[in-house]
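Residue strings, one per chain:
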Amino acid sequence: MIKLFSVKQKQKEAAESANGRAPVKKQSPGELRVQKDISELNLAKTTSISFPNGKDNLLNFEITIRPDEGYYQGGTFVFTFQISQVYPHEAPKVKCKTKVYHPNIDLEGNVCLNILREDWNPVLSVNSIIYGLQYLFLDPNPDDPLNHEAAEVLRENPRQFENNVRRSMAGGYVGGNHFPRCI
Amino acid sequence: MKKRKGEDEPWAPEPEVMAETTDIEGRWRDLDRLLLRPGILVGPGFEPGIDTRDMIRNDCRVLVIGAGGLGCELLKDLALTGFGNLEVIDMDTIDVSNLNRQFLFRMRDVGQPKAKIAAERVMERVKGVNVVPHYCRIEDKDSSFFDQFQIIVLGLDSLEARSYINAVVCGFLEYEPDGSPILTTIKPMVDGGTEGFKGHARVIIPGMTPCFQCSMWLFPPQVTFPLCTLAETPRSPAHCIEFVHLIQWGQDRTGETFDPDNPEHMKWIYEQAAKRAEQYSISGVTYSLTQGVVKNIIPAIASTNAIVAATCALETLKIATMCSKGMEVFMQYTGTDGVYMRTFQNEKDPNCIVCSAGVPVEVEATTTLQKFIDVLLKDSRFKNKISKPSVSLQGENLYMQAPPILEEETRPNLLRPLRTLMGGEGGILNINDKRLKGILRVQVIFKTTDVDMDTAGGG
Ligand SMILES: [Zn+2]
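The present account deals with the structure reproduced in this document. On a predicted model such as this, the values are computed, not experimentally measured, just so you know.

**Here's the deal with the interface of chain A and chain B**
Facing the 53 residues of chain A at the interface are 84 residues of chain B. Where chain A abuts chain B, roughly 5,900 Å² becomes buried across the two surfaces, and 59% of that area is made up of carbon and sulfur atoms. Our count for the contact surface shared by chain A and chain B stands at zero salt bridges. At the boundary of chain A and chain B, one finds eleven residue pairs in polar contact (both at pLDDT 80 or more). Contributing elements (two or more residues each) for the side of chain A that touches chain B: helix 1 (11-20), helix 2 (29-39) and strand 1 (47-50) of chain A. Per-element accounting of the side of chain A that touches chain B gives the leading share, seven residues, to helix 2 of chain A. In terms of residue class, the side of chain A that touches chain B is made up of 23 nonpolar, 13 polar and 17 charged.

**Considerations on the packing of aromatic side chains**
Within this structure, the stated rule accounts for 16 aromatic pairs over all chains. Seen in terms of ring centroids, A:Tyr71 and A:Phe161 are 5.0 Å apart; in terms of plane orientation they differ by 85°. Their pairing is edge-to-face. Of this pair, A:Tyr71 sits in the loop between strand 2 (60-65) and strand 3 (77-82) while A:Phe161 sits in helix 5 (residues 158-169); the two residues are 90 residues apart in sequence, bridging distant segments of the chain. Residue class for A:Tyr71 comes out partly exposed when judged on its relative accessible area of 22%. Looking at A:Phe161, the relative accessible area reads 0%, which means it is buried. On the basis of an interplanar angle of 75° and a centroid distance of 5.3 Å, the ring pair of A:Tyr72 and A:Phe137 is categorised as edge-to-face. Note that A:Tyr72 is positioned in the loop between strand 2 and strand 3 and A:Phe137 in helix 3 (residues 126-138), a separation of 65 residues in sequence. This pair shows no difference in class: A:Tyr72 is buried, exactly as A:Phe137 is. Ring pairs connect the aromatic residues A:Tyr71, A:Tyr101, A:Phe161 and A:Phe179, which therefore count as one cluster. When the ring centre of B:Trp28 is taken as reference, the NZ or CZ atom of B:Arg27 above it lies at 4.4 Å. In this structure, B:Arg61 packs its charged tip against the face of B:Phe149, placed 5.2 Å from the ring centre.

**Overview of the pairing of strand 7 (residues 330-334) of chain B**
It is a general feature of regular strands that their side chains alternate between the two faces of the sheet. All names here are of chain B. Of all the five residues making up strand 7, four are buried; the element is thus mostly covered by neighbouring parts of the structure. As defined by bridge partners, strand 6 (residues 198-204) adjoins strand 7 across five bridges and the pair is classed as antiparallel. Following the sheet pairing, Ala 201 is matched in strand 7 by Met 331. Pairing of strand 7 with strand 8 (residues 340-344), which is carried by five bridges, proceeds in the antiparallel orientation. The residue bridging Thr 334 from the neighbouring strand is Tyr 340, located in strand 8. Taken together, strand 7 and the strand that follows it, strand 8, pair antiparallel across an intervening segment of five residues, in which Gly 338 is found at a positive phi of about 85°.

Rules behind the numbers
- Residues numbered from 1 in each chain as written.
- Chains lettered and ligands numbered in written order.
- Predicted model: local features only at pLDDT ≥ 70, side-chain atom pairs only at ≥ 80, totals over all residues.
- Heavy atoms only, no water.
- Contact = heavy atoms within 4.5 Å.
- Buried area = accessible area lost by both parts, 1.4 Å probe.
- Salt bridge = Lys/Arg side-chain N within 4 Å of Asp/Glu carboxyl O.
- Polar contact = N/O pair within 3.5 Å; in protein donor to acceptor, adjacent residues only side chain to side chain.
- Helix = DSSP H or I, 4+ residues; strand = E, 2+ residues; numbered from the N terminus.
- Nonpolar A, V, L, I, M, F, W, Y, C, P; charged D, E, K, R; others polar.
- Phe/Tyr/Trp six-rings, centres within 6.5 Å; stacked < 30°, edge-to-face > 60°.
- Buried < 20%, exposed > 50% of the residue type's maximum accessible area, 1.4 Å probe, protein only.
- Lys NZ or Arg CZ within 6 Å of the ring centre and 35° of its normal.
- Pairing = 2+ DSSP bridges.

Here it is, written out as structure tokens:
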């Protein structure tokens, strides 16, 4: 340890030096780290990103996924990402903006993806979450349901599930719920 | 043994003593034992004498952040220790549930700003101390506010707030070209934290000891439950509460933003969670558990606050006066295992994104960003470490290699000179690259040439 101030040092000095310094908004560790994540993004051709608040606010952005195979082929699904100031200590908050008939996404847009919650780990990145979301569309998992009805149909009758997905994406009703067109 | 009046009970309400202009007899006895005599355990540069006492009394300014459970203890301890100029910042108002441990507050204060009442009470009780309250968020103050203080003491309960202050305070730190911190730019922090029977105190001397970011891993991540478990197979009262909080709110109260400080919202969460718990035959959902789960609060224990605050106040005194060597550097207290405390020294992260020095790179101020990137790529210190660097200045992305929309938007900056992009003083640029594990901090130093001098001085 070192001696930082002497007895004779007066508070005036500190106040004077403070006046000369321009107030700078400090960048939070979350912003710093997401800068790294975004600068290294490697998006598949089915995925795109946009920044509604401009290039210097990377804490909020949208990811658009357009699956080119599987049940959801041809659909367009938008996810909002909210990154906390202490990211990656905390996982990003991700919601699906597009109303979708999916066993792991409920009608309010909550997403059941393990790495978004219980399996989040600071070595994961925005890229890992995007992979996870893409995977949800290729391989919906009826064993971890958030939309109970959709999971049951997928388990019992995959063909019916496929029809329901098609109908919902075309802008129709499934089980009394209306889904806006997203093809 | 008969005690002399006031000596051992400075808190006894004796207004006639308060009104006197001279100090209570024995007021400085203990402090003087520490400050007036030399010793073998003192820190480097300790200057025993009355000047040191006067310094903490008159010149040393200490900021306390937070006027809650820890903050009340800290203000009381620092004032009684002898610090004469305190300021306190807190954005909260007093709630009736605070009164059991936030002992500066009374029933009649409910609804008033914590900072204001805490400052008033300490000044009433401890003669000769000046406490200035700030009823606002820490983000409302600019960095020059924080720079006025010699020492900043944190009595916070949130990771975000600590992380923010840490970034502000480490932002004052400057390094010599040889990588050693410039002493006059160091602003020490003392950080206290409590969670139930557990607590910690630590000393952060930016540039010398690990900063908050260097040791973020010491904080356990928040417990989260899988959403599908909450929705399908709740097994605990917390599962029921989290379900209502995270999922049912959005279903039943579409369009309304949940506000944890709105009692009606909290009551609704509690009632719905209780219903859900009943459906699944789970017992134990209470209003206070609901608050705890939703706000992620663990009940506060007054004695933990007292122990942690006392440690922090003592470390503050040591840093200010060097009357003893400081704690190195992290103290943990675990009240559930008896009165168990241990200190340990953890390592500073040499590549910390907040407090590390940054690798110095000297260039002309007229160098364009593209040329600067070329300089980095040719620099042997970064060989094989960077290939396609992105460059940011604080929150401003000067050049991003990805994604394509940002690359396109930032590309025009490549032709701009650094002087235009970052001002004439140089500073720290953050470099991101796939090959780098973390963020590379580069300290840009502008070469001063005669030509530049002439243009600057001419006219
Ligand atoms: Zn650090």
